[in-house]
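Geometric and topological summary
The residues making up each chain are set out below.
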Amino acid sequence: MIINMNTYMIPNYSQQVSAGGSPVRKGIYSTLGILSFIYLTVTIILFYKRRQRIADIRYRPLRLTIFNSIAIIMLCVMFCFRSGFYPMEYPCFLIHWPSYIGFFLVCASITCRAIVFIWVARYHMAKLRISLMPESNTIPISPMTPFTPVHDRMGNTGNPAARLLRQLKKWKKNATDIWMTQRILYPTIAIAFLLAFIFQITSPDLSLIPMRTECPIGSEHIPVFIILSLFLFIICPILIYLLYNIRDAYGLRNELMVTLIVGSFSFIMFFIWEYSASGLRLYFGSFMFPWVTLILSHTLSITIPVWKSYKYSFDISKLASFHDKRISRSKKYEQFEKVLADPDLFKLYKACAVACFCTELILFLEEYQFLKMLVAKCCTPTKKSLFPPPPTPKLHVSDDIHITFNEENLFIKESSILPPLSPASYISTPCTKSIVETVSAASWIPFPYELRTDYRMFYDSYLDLNSDLAINFSGSIVNTVKNLIANDQFELSMYENAREETLTLLYVNTFEKFLRMFESEIRSKKIFDN
């Protein structure tokens, strides 16, 4: 076949292709480029619009994800058209600008996303470790109650977990979406633009008039090669090492691992294909290796979450804002309560809560058990009997069960009347049962003065927005408790609404994942058989 050289933009184009090969290649890669642009653009728009319905959106840095997708769009479209018009029919400046902005932005955004995720995972693990490390001078209370209140451990300078949490807390403001975007991505984009502009006006290979389509390797490629080399051979191994032992319930760690590992392999294949397989490049462009990686990365981080938002179409924000009575009556919710009531499965649930980044929810329930124990100690003179309802509210119960009633002192001492109180006798109900359900006297007995510090610390730990363990409760719950404390009107049941909302949040955000993560352990316990 005789190829008419006049049909090409460059008269010295000398590489021969098989019959119809060049037009077919142009058509295939051009179509692929257009479809890539449509696919990437539509999915990122849907991701942004449906972000409130994506279950794990809190742990997907929105700005970093969007900038990463913009870079992927630029690179994937350039990869396709460059491969279709290879070797000397695609303008060099259309390779130059997407390469600088795209590669710089992709490497920076993926690195920042991984750093934010690693920090979040380690921060939640550190919070869990605090509850698992008992103090040497404390007595175990029950399998589901911490040895000492969590707020006491967090303030203990000798606790390794507390030290780790404080170290991680120093980086809390830095490991955020907005900080990474403003301090890392924006400077990276500015540097990429500056370098691209400098080489654009200084390199003859990037001239627009006449437009250059023969693009040899030159000094203008050095910054891109440097950033890719740093990312592939230094940053990627470090991030893979830090991600390796992390376990999360959303699959975010797996997304990043796939992106880093497959990305490293694809860019290595790109360089091998580009400089060692010149004949094969006419049929399969070397840029298609990174194209596959970027499309895969976008699919994992954007498309699949969007698809799940349609498949699981309930609105989590509305469902988790109050204790849904329909949920509490469901069979699955009854299974959830059985799991929390089992000491062994409760320990596994703590691991699931960490994997779901809901550590503060499970710690809230543990700390609530501690409060329940204190109330039982103050309000229950024997293991089974309760005080009779008083004729007047003037009642005070001290630490040693010293009761003052109607200006008369009634002394009930453990040594004379009660059997020795073991820690297990203070509490006999799981965290799904309230303080009033456990100790009926708590519904009418005045608030014991000696419990105020513990109740105030409970608020400081879980309802104060500045706390490391703060839970995103509804405003009405926080304001109600805050007003009770401010007016010095403590009530033994003042945290019941917070407990119910915590159970709902834990159920909605973690229970399905718990059933999948520990299916064999649950089956062996046979707690769902009845």
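Residues numbered from 1 in each chain as written. Predicted model: local features only at pLDDT ≥ 70, side-chain atom pairs only at ≥ 80, totals over all residues. Heavy atoms only, no water.

1. Topic: helix α16 (residues 452-462)
The criterion, for reference: For every residue, the accessible area obtained with a 1.4 Å probe (protein chains only) is divided by the maximum for its type, and the residue is called buried under 20%, exposed over 50%, and partly exposed between those limits. Every helix listed is a DSSP run of H or I at least four residues long, and every strand listed is a run of E at least two residues long, numbered separately from the N terminus. It is the directions from the helix axis to the C-beta atoms whose arc is reported.
Restricting attention to buried positions, one finds in α16 the residues D454, Y455, F458, Y459, S461 and Y462. In a view along the axis of α16, the buried residues occupy a sector of 165 degrees, so they form one face of it.

2. What to know about the state of the cysteines
A disulfide bridge is the covalent bond that connects two cysteines by way of their sulfur atoms. Condition: Counting rule for disulfides: a pair of cysteine sulfur atoms within 2.5 Å.
Inspection of every chain in the model, using the stated rule, returns 1 disulfide. The residue that forms a disulfide with C92 is C215, at a sulfur-sulfur distance of 1.9 Å. Between C92 and C215, the disulfide has an S-S torsion of -105 degrees and is therefore left-handed. On the criterion of sequence distance, the pair formed by C92 in the loop between α2 (62-84) and α3 (93-132) and C215 in the loop between α6 (177-202) and α7 (222-243) is long-range, its members being 123 residues apart. On the basis of relative accessible area, C92 is assigned to the buried category, the value being 3%. For C215, a relative accessible area of 24% translates into the label partly exposed. Between C107, a cysteine without a disulfide, and C236, which holds the nearest cysteine sulfur, the sulfur-to-sulfur distance is 7.7 Å.

3. Looking at the packing of aromatic side chains
Working definition: an aromatic ring pair is given by the centre-to-centre distance plus the angle between the planes. Quick reminder of the rule: Only Phe, Tyr and Trp rings take part, Trp by its six-membered ring, and two of them pair if their centres are within 6.5 Å. Stacked means planes under 30 degrees apart, edge-to-face means over 60, and tilted covers everything else. Two thresholds decide whether a charge sits over a ring: the Lys NZ or Arg CZ must be within 6 Å of the ring centre and within 35 degrees of the ring normal.
Taken as a whole, this structure holds 35 aromatic pairs when the rule is applied. Ring geometry for W97 against F193: centres 6.0 Å apart, planes inclined by 55 degrees, an arrangement best described as tilted. Of this pair, W97 sits in helix α3 while F193 sits in helix α6, placing them 96 residues apart in sequence. A relative accessible area of 41% means that F193 is categorised as partly exposed. Consider the rings of F514 and F518, whose centres lie 5.4 Å apart with planes at 45 degrees: the pair is tilted. For F514, a relative accessible area of 0% puts it in the buried group. Here F518 falls in the buried class, since its relative accessible area comes to 6%. Members of the aromatic cluster, each reached through a chain of ring pairs, are F364, F447, Y455, F458, Y462, F473, F490 and Y495. Here the guanidinium or amino end of R51 rests over the ring plane of Y48, the centre of that ring lying 4.0 Å away.

4. Regarding the environment of Q335
The test is simple: Any two residues whose heavy atoms approach within 4.5 Å are treated as being in contact.
Topologically, Q335 is positioned in helix α12 (residues 331-341). Expressed as a C-alpha distance, the spacing of Q335 and I527, which sit 192 residues apart in the sequence, is 8.0 Å. Discounting residues that sit within four places of it in the chain, Q335 has contacts with F511 and F528.

5. A few points about the packing of helix α13 (residues 343-355) against helix α14 (residues 359-379)
Our working rule: In this analysis, axes come from line fits to C-alpha atoms, helices being fitted only over the stretch in contact, and the angle between any two N-to-C directions falls in the range 0 to 180 degrees. Three residue categories are used. Nonpolar comprises Ala, Val, Leu, Ile, Met, Phe, Trp, Tyr, Cys and Pro, charged comprises Asp, Glu, Lys and Arg, and polar comprises the others, including Gly.
It is at 7 Å that the axes of α13 and α14 come closest, and there the two elements cross at 145 degrees. Listed contacts from α14 to F346, Y349, K350, A353 and V354 of α13 are T359, I362 and E366. When grouped by side-chain class, the residues that make up the contact of α13 with α14 number 5 nonpolar, 1 polar and 2 charged.

6. Thoughts on unusual backbone geometry
Going from I209 to P210, the amide bond is cis rather than trans, its omega being -10 degrees. Note on placement: P210 falls in the loop between α6 and α7. The residue F357 is not glycine, and still its phi comes out positive at about 60 degrees. Structurally, the position occupied by F357 is in the loop between α13 and α14. The exposure class of F357 is buried, given its relative accessible area of 2%. The phi angle at D488 is positive, at roughly 55 degrees, despite the residue not being glycine.

7. Thoughts on the UniProt feature "transmembrane region" (unreviewed entry) in the protein
Let me state the cut-off plainly: UniProt positions are given in the numbering used here, feature names are shortened, and annotations may be inferred rather than shown by experiment.
Mapped onto this numbering, the UniProt entry annotates "transmembrane region" (unreviewed entry) at residues 28-48, 69-88, 100-121, 184-202, 222-244, 256-276 and 288-307. Strand forms 0% of residues 69-88 and helix 80%; the C-alpha atoms that close the span are 28 Å apart. Secondary structure content for residues 222-244 is 96% helix and 0% strand, while the C-alpha to C-alpha distance between its ends is 32 Å.

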